[in-house]
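Close look at the chain arrangement
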Amino acid sequence: MMIATRILLDVAVFISLVLLPWWMTVLLVFVLLWYFPHFYEAIVAGFIIDSLYSAPLSSFGGFQLIFTLGSVFLFGIVEYTKTKVRWYDN
Amino acid sequence: MMIPRRRRTVRKSVVFGGIALVVLIVGIGVHAQVPHSVSSFFTRLAYPVWEVGASVASRASVFDVFQSKQTLSRENEKLRNELRDAQLLLADRAVILRENRELKAFQESASSTQGTIVAVLARPALTPYDTLVVDAGTHDGLEKGASVFVGEHIVLGTIEEVFPHTARVRLFSSPDVETDVFLPESDTVTVARGIGNGVFTLRIPSAISVAFHDPVQFSGGRLRILGFVDSVDVSSGDLFQTVWLRTPVNINTLQWVMIGE
């Protein structure tokens, strides 16, 4: 049941990154990072955003995978925080 | 408290794995683009969803009957913005007239833009990098580097990546994009820097007079308009002023563009 919900929400994330403003996808992914254990799809979502829309930014030294890198950091921070807070049920 | 050795090893490998992943991503991101085949694959997956989204957006007017007061207020605001955009579009007539006179003086004929009109599938607010995704690709004869217009003289950006059915457009207003521009009203050549969402800034000496709605063209032979002056920041004692420009159309509601040379 949990896996079916997860797959359904993965599809929702994909549709949101194609149809909704990018910050809504980030918000959705952030919630799902807390809801599911090890929500690796967050990193995939970041990579898809970069694949679909990215352009090199000189203020980032021409770096193009900003959302991929951001999602890796977000994933790491959330997973670390999960182990440190009492109210999160592992 | 003692941490079991196995747990420590796992934690260490997770930390090193994470660092390796970050280094790998930074390495790929700095030295290369996302591979075209990967972008093409995700674009192919996204294409039907964009098509459905565009179709739903165009049919949304069927539900206008059920508009609330709030919706009407929003509509009012939107119409005001459209009127402002239309006024800005009209402002380019003065530039056209000026160029027409110059061209007559040099006995040259004006070159008109020939191009293909294509629908916009994704635009800023949805796209985080200030890029557009348009509904035409290699199958429609689109080529990398082609210019993207609105109307005959307003240029928004260039095609950066072409896929079979779609193409990615980088707007001149994308953050950090620098464009050589010419201010015909003050005969000044300078560089406009994109800051996103159809807005640019440029720094010119305070002594140069700039007015609201002044057109800003691309420097070069052909008449191509980048935007119009929106506001000017002048601090007392500063030798330079910051001029804010805006594209004449609202990038966030763009439905169609023209692709040409």
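See the structure printed just above.
Model, not experiment: these values are computed from the prediction.

1. What about the overall build of chain B?
The secondary structure content of chain B amounts to three helices and 12 strands. When contacts within chain B are restricted to residue pairs at least 6 apart in sequence, long-range pairs at least 24 apart make up 58% of them. Total accessible area computed for chain B in this model is approximately 15,100 Å², and 58% of it derives from carbon and sulfur atoms.

2. Thoughts on the interface of chain B and chain A
Accessible area lost during the coming together of the parts is what is often quoted as the interface size. Facing 31 residues of chain B, the contacting portion of chain A comprises 32 residues. Contact between chain B and chain A buries roughly 2,800 Å² in total, counting both sides, with carbon and sulfur atoms accounting for 71%. Scanning the region where chain B abuts chain A turns up zero salt bridges. For the pair chain B and chain A, the number of links is 10 residue pairs in polar contact (both at pLDDT 80 or more). When residues of the side of chain B that touches chain A are traced back to their parent elements, those giving at least two are helix 1 (5-31), helix 2 (36-59), strand 2 (131-134) and strand 5 (167-171) of chain B. When residues in the side of chain B that touches chain A are grouped by element, the largest group, nine residues, is from helix 2 of chain B.

3. Describing the packing of helix 1 (residues 2-19) of chain A against helix 2 (residues 22-35) of chain A
To characterise two packed helices, one gives the angle between the axes of the helices and the distance between these axes. All names here are of chain A. Put simply, helix 1 and helix 2 touch, their axes get as near as 10 Å, and they point 165° apart. By the angle between their axes, helix 1 is roughly antiparallel relative to helix 2. Crossing of helix 1 against helix 2: the hand is left-handed. Within the contact between the two elements, helix 1 uses M2, L9, A12, V13, S16 and L17 and helix 2 uses T25, L28, V29, L32 and Y35. Grouping the constituent residues of the contact of helix 1 with helix 2 by class yields nine nonpolar, two polar and no charged.

4. Considerations on empty space enclosed by the protein
All names here are of chain B. Scanning the entire structure with this criterion turns up one cavity of 30 Å³ or more. The space that makes up the largest cavity amounts to roughly 60 Å³. Taken together, S40, T43, R44, Y47, F163, P164, H165 and T166 form the lining of the largest cavity. Looking at the lining of the largest cavity, its residues break down into three nonpolar, four polar and one charged.

5. Some points on the layout of surface pockets
Residues and elements named next belong to chain B. The computed volume of the second largest pocket comes to approximately 810 Å³. Those elements that provide at least two residues to the lining of the second largest pocket are helix 2, helix 3 (69-105) and strand 1 (115-122). Considering each element in turn, the lining of the second largest pocket owes the most residues, six residues, to helix 2. Here the residues of the lining of the second largest pocket are counted per class, giving 13 nonpolar, seven polar and six charged.

6. Some words on the side chain of E160(B)
Secondary-structure assignment places E160(B) in strand 4 (residues 154-162). Sequence-distant contacts of E160(B), that is, excluding residues within four places in its chain, are made with S54(A), A55(A), P56(A), K144(B), R168(B), V169(B) and R170(B).

7. Examining the pairing of strand 10 (residues 225-233) of chain B
All names here are of chain B. One ladder, built from three bridges, connects strand 9 (residues 215-218) with strand 10; its direction is antiparallel. Residue pairing for strand 10: Q217 is matched across the bridge by I225. Direction of pairing for strand 10 relative to strand 11 (residues 240-246): antiparallel, over a ladder of five bridges. Directly across from V229, in strand 11, lies its bridge partner L245. The antiparallel pairing of strand 10 with strand 11 creates a hairpin that spans six residues between the two strands, and G237 there sits at a positive phi of about 90°.

8. Some remarks on the environment of Y53(A)
Residues and elements named next belong to chain A. Looking at the secondary structure, you find Y53 in helix 3 (residues 41-53). Linking Y53 and L69, residues 16 residues apart in sequence, is a C-alpha distance of 15 Å. Among the polar contacts made by the side chain of Y53, one reaches the main-chain carbonyl oxygen of L17 at a distance of 3.0 Å.

9. Some words on the pattern of salt bridges
In the structure shown here, the tally under the stated rule is eight salt bridges over all chains. A salt bridge links E41(A) to R6(A), with the shortest nitrogen-to-oxygen separation between them at 2.9 Å. Of this pair, E41(A) sits in helix 3 while R6(A) sits in helix 1, placing them 35 residues apart in sequence. Between R246(B) and D230(B) there is a salt bridge whose closest N-O contact spans 3.8 Å. With R246(B) in strand 11 and D230(B) in strand 10, this pair connects stretches of sequence that are 16 residues apart. Members of the salt-bridge network, linked through shared partners, are D176(B), E178(B) and R193(B).

10. Description of a nonpolar patch on the surface
All names here are of chain A. Together, I3, I7, V11, I15, L19, L20, W22, W23, M24 and V26 line one region of the surface with nonpolar side chains, adding up to about 860 Å² of accessible area. Within the residue set of the nonpolar patch, elements represented by two or more residues are helix 1 and helix 2. Residue contributions to the nonpolar patch peak at five residues, all from helix 1. Assignment of secondary structure puts W22 in helix 2.

11. A look at helix 4 (residues 66-84) of chain A
With 19 residues, helix 4 of chain A should reach 27 Å at 1.5 Å per residue; the first-to-last C-alpha distance of 27 Å fits that figure. Those residues of helix 4 of chain A that fall on the buried side of the exposure criterion are F67(A), T68(A), L69(A), S71(A), V72(A), F75(A), V78(A), E79(A) and K82(A).

Basis of the calculations
- Residues numbered from 1 in each chain as written.
- Chains lettered and ligands numbered in written order.
- Predicted model: local features only at pLDDT ≥ 70, side-chain atom pairs only at ≥ 80, totals over all residues.
- Heavy atoms only, no water.
- Helix = DSSP H or I, 4+ residues; strand = E, 2+ residues; numbered from the N terminus.
- Contact = heavy atoms within 4.5 Å.
- Areas by Shrake-Rupley, 256 points an atom, 1.4 Å probe, with all protein chains shown as cover.
- Buried area = accessible area lost by both parts, 1.4 Å probe.
- Salt bridge = Lys/Arg side-chain N within 4 Å of Asp/Glu carboxyl O.
- Polar contact = N/O pair within 3.5 Å; in protein donor to acceptor, adjacent residues only side chain to side chain.
- Axes fitted to C-alpha atoms, helices over the stretch in contact; angles between N-to-C directions.
- Parallel < 35°, antiparallel > 145°, perpendicular 65-115°, else oblique.
- Left-handed = near helix turned anticlockwise from the far one by under 90°.
- Nonpolar A, V, L, I, M, F, W, Y, C, P; charged D, E, K, R; others polar.
- 1 Å grid on protein atoms, 1.4 Å probe; cavity = no way out; pocket = protein on both sides within 12 Å on 5 of 7 lines; lining within 4 Å.
- Points joined across faces, edges and corners; volume = space filled by probe spheres on them.
- Pairing = 2+ DSSP bridges.
- Patch = residues over 30% accessible without salt bridge, like charges linked within 9 Å, V, L, I, M, F, W, Y side chains within 5 Å.
- Expected span 1.5 Å × (residues − 1).
- Buried < 20%, exposed > 50% of the residue type's maximum accessible area, 1.4 Å probe, protein only.

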